[in-house]
Amino acid sequence: INNYNVALNIGDYHHAQEIYQGENGPLTIDYYVLKENISNLPHLKINATQTLQAFEHWFGPYPFYEDGYKLVETAHLGMEHQSAVAYGNKYQNGYLGRDNSGTGWGLKWDFIVVHESGHEWFGNNITSKDLADMWVHESFTNYSEALFIDYHFGKKASQAYVHGNRRGILNDSPIQGPFGVNKEGSGDMYIKGGVLLNMIRTMIEDDQKWRNILRGLNKKFYHQTVTYSDIVNYINEKSGLDLTKVFEQYLQQKSIPTLEVRLDENNILMARWISEIDSFNMPVHMGIKGNKLHRYQIGSTFTSTGLKLQDTENLEIDTFNYYIGVLKQ
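One structure accompanies this document, and this report is about it. (Residues numbered from 1 in each chain as written. Predicted model: local features only at pLDDT ≥ 70, side-chain atom pairs only at ≥ 80, totals over all residues. Heavy atoms only, no water.)

## A short note on the nonpolar core
Note that soluble globular proteins tend to have their nonpolar side chains buried in a common cluster. Within the largest apolar cluster, 89 residues are counted, with the highest numbers of intra-cluster contacts made by W135, I231, F247, L259 and M282. Sequence-distant contacts of F247, defined by excluding residues within four places in its chain, comprise W135, L196, I200, Y228, V232, I235 and Q252. (Core = buried A, V, L, I, M, F, W, Y, C linked by side-chain atoms within 4.5 Å. Buried < 20%, exposed > 50% of the residue type's maximum accessible area, 1.4 Å probe, protein only. Contact = heavy atoms within 4.5 Å.)

If you want it as structure tokens, here you go:
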């Protein structure tokens, strides 16, 4: 257990317990609410059950069956204390009643229950060896909010939530911090990191494979500390895509890549990435407006896609699921 995951809470608590029939069998759920808030207990029970349903589906069994799962009311907003999540969201949906995505989907569930519980898988089960890789905790857990929505409300809703969250990205400094000095990177590790993972899901084009990757991470690195390379190499191996340069761009640089497109003399689409990363390459979905988009592997030099267009204005690029810049010529 990481030392930051150990907490002591003292209060005039009402204690309630129930059993959740989870993927690994019966799981005890304990609720500690201040006695004046007993009437709000049903709110926690609904959100806890829905959270465990969604996350066991996407990430695999809750990682601490022997310890149980607990929600403990606190004076502060929340924290992912291992098997005893601190809760202070005042028994309301959203983040203190707000939906930072602006889509409405964030008001259908209690942000603190969902987000802090997501850390049981990413942060508590899988833990970064160096604080520089705190994105392993926060990027995956930010993305877990979208997967909660996906499980209960559908993929279209989850994609809208991720897209809406982009307005909170700062691009102020790299997500990955400096190593060996106990320092984390930019706060963009939350939203921008979640957007990155959603992009990777789009690139893979196979939601079952993506689910297997998320579950596989929690199985392979069960109760372990990991490095940047552990996570990137695993996703590369299981996805069948070399995403090394993608992770470098989005985690180690503050900027985002720009996709430059133009037509050659035969009206065939040429494309390349403009990036700070040498030999940057990343697949992207494009196509003729109104038609199905297809995945194209694009590198740092102009390459023919084989796609014939009347002009670049007739080109549709999936900027809803890809967080990129676009330059058309």
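## Here's the deal with the side chain of N37
Note that N37 resides in the loop between strand 2 (25-34) and helix 1 (41-59). When its relative accessible area of 17% is taken as the criterion, N37 is described as buried. Side chain to side chain, N37 and E73 meet in a polar contact 2.8 Å long. The residues touching N37, leaving out its near neighbours within four places in the chain, are E73 and Y91. (Helix = DSSP H or I, 4+ residues; strand = E, 2+ residues; numbered from the N terminus. Polar contact = N/O pair within 3.5 Å; in protein donor to acceptor, adjacent residues only side chain to side chain.)

## A short note on the sheet that holds strand 10 (residues 282-288)
The strands that make up a sheet pair up through hydrogen bonds in the backbone, lying either parallel or antiparallel. Taken together, the three strands give an open sheet; going across it, the order is 11-10-13, and neighbouring strands pair in antiparallel fashion. Strands with a single pairing partner mark the edges of an open sheet, and in this sheet they are strand 11 (294-298) and strand 13 (315-317). Pairs of neighbouring strands in the sheet enclose a mean axial angle of 40 degrees, with direction left out of account. As paired elements, strand 10 and strand 13 share three bridges and run antiparallel to each other. From the neighbouring strand, G287 faces strand 13, where its bridge partner is E316. On the sheet, helix 5 (residues 191-204) packs against strand 10 and strand 11 and is oriented at approximately 65 degrees with respect to strand 10. (Pairing = 2+ DSSP bridges. Axes fitted to C-alpha atoms, helices over the stretch in contact; angles between N-to-C directions.)

## Here's the deal with the pattern of salt bridges
Enumeration over the complete set of coordinates arrives at eight salt bridges. As a salt-bridge pair, E237 and K238 come within 3.7 Å of each other at their nearest N and O atoms. With its nearest N and O atoms 2.7 Å apart, the salt bridge here joins R272 to E260. On the criterion of sequence distance, the pair formed by R272 in strand 9 (residues 268-274) and E260 in strand 8 (residues 258-263) is long-range, its members being twelve residues apart. Owing to a relative accessible area of 28%, R272 belongs among the partly exposed residues under this scheme. On the accessibility criterion, E260 (5% relative accessible area) is buried. Several salt bridges share partner residues, and in doing so they unite D150, K155, R201 and D207 into one network. (Salt bridge = Lys/Arg side-chain N within 4 Å of Asp/Glu carboxyl O.)

## Concerning the sheet that holds strand 8
Strand order in the open sheet formed by four strands is 12-9-8-14, and the pairing between neighbours is mixed. For this open sheet the edge positions go to strand 12 (303-308) and strand 14 (325-328), each flanked by a neighbour on one side alone. Strand-to-strand twist of the sheet, defined as the mean angle between neighbouring strand axes without regard to direction, takes the value 30 degrees. Judged from the six bridges that link them, strand 8 and strand 9 form a sheet pairing that is antiparallel.

## Brief notes about the packing of aromatic side chains
The relative placement of two aromatic rings is captured by the distance of their centres and the angle of their planes. Here the structure, examined in full by the defined rule, presents 22 aromatic pairs. Centroid distance F122 to F140: 4.4 Å. Interplanar angle 5 degrees. Geometry classified as stacked. Here F122 is found in the loop between helix 2 (111-118) and strand 6 (126-128), whereas its partner F140 is found in helix 3 (residues 135-153), with 18 residues between them in sequence. Judged by centre distance (6.1 Å) and plane angle (55 degrees), the rings of Y143 and W210 are tilted. Highlighted residues: Y143 in helix 3 and W210 in helix 6 (residues 207-220), separated in sequence by 67 residues. For Y143, a relative accessible area of 1% translates into the label buried. Overall, W210 belongs to the buried group, its relative accessible area being 0%. Here a set of aromatic residues connected by ring pairs shows up, and it is made of F55, F59, Y62, F64, Y65, Y69, W121, F122, W135, F140, Y228 and F247. The ring of F302 carries the charged tip of R262 above its face, separated from the ring centre by 4.3 Å. (Phe/Tyr/Trp six-rings, centres within 6.5 Å; stacked < 30°, edge-to-face > 60°. Lys NZ or Arg CZ within 6 Å of the ring centre and 35° of its normal.)

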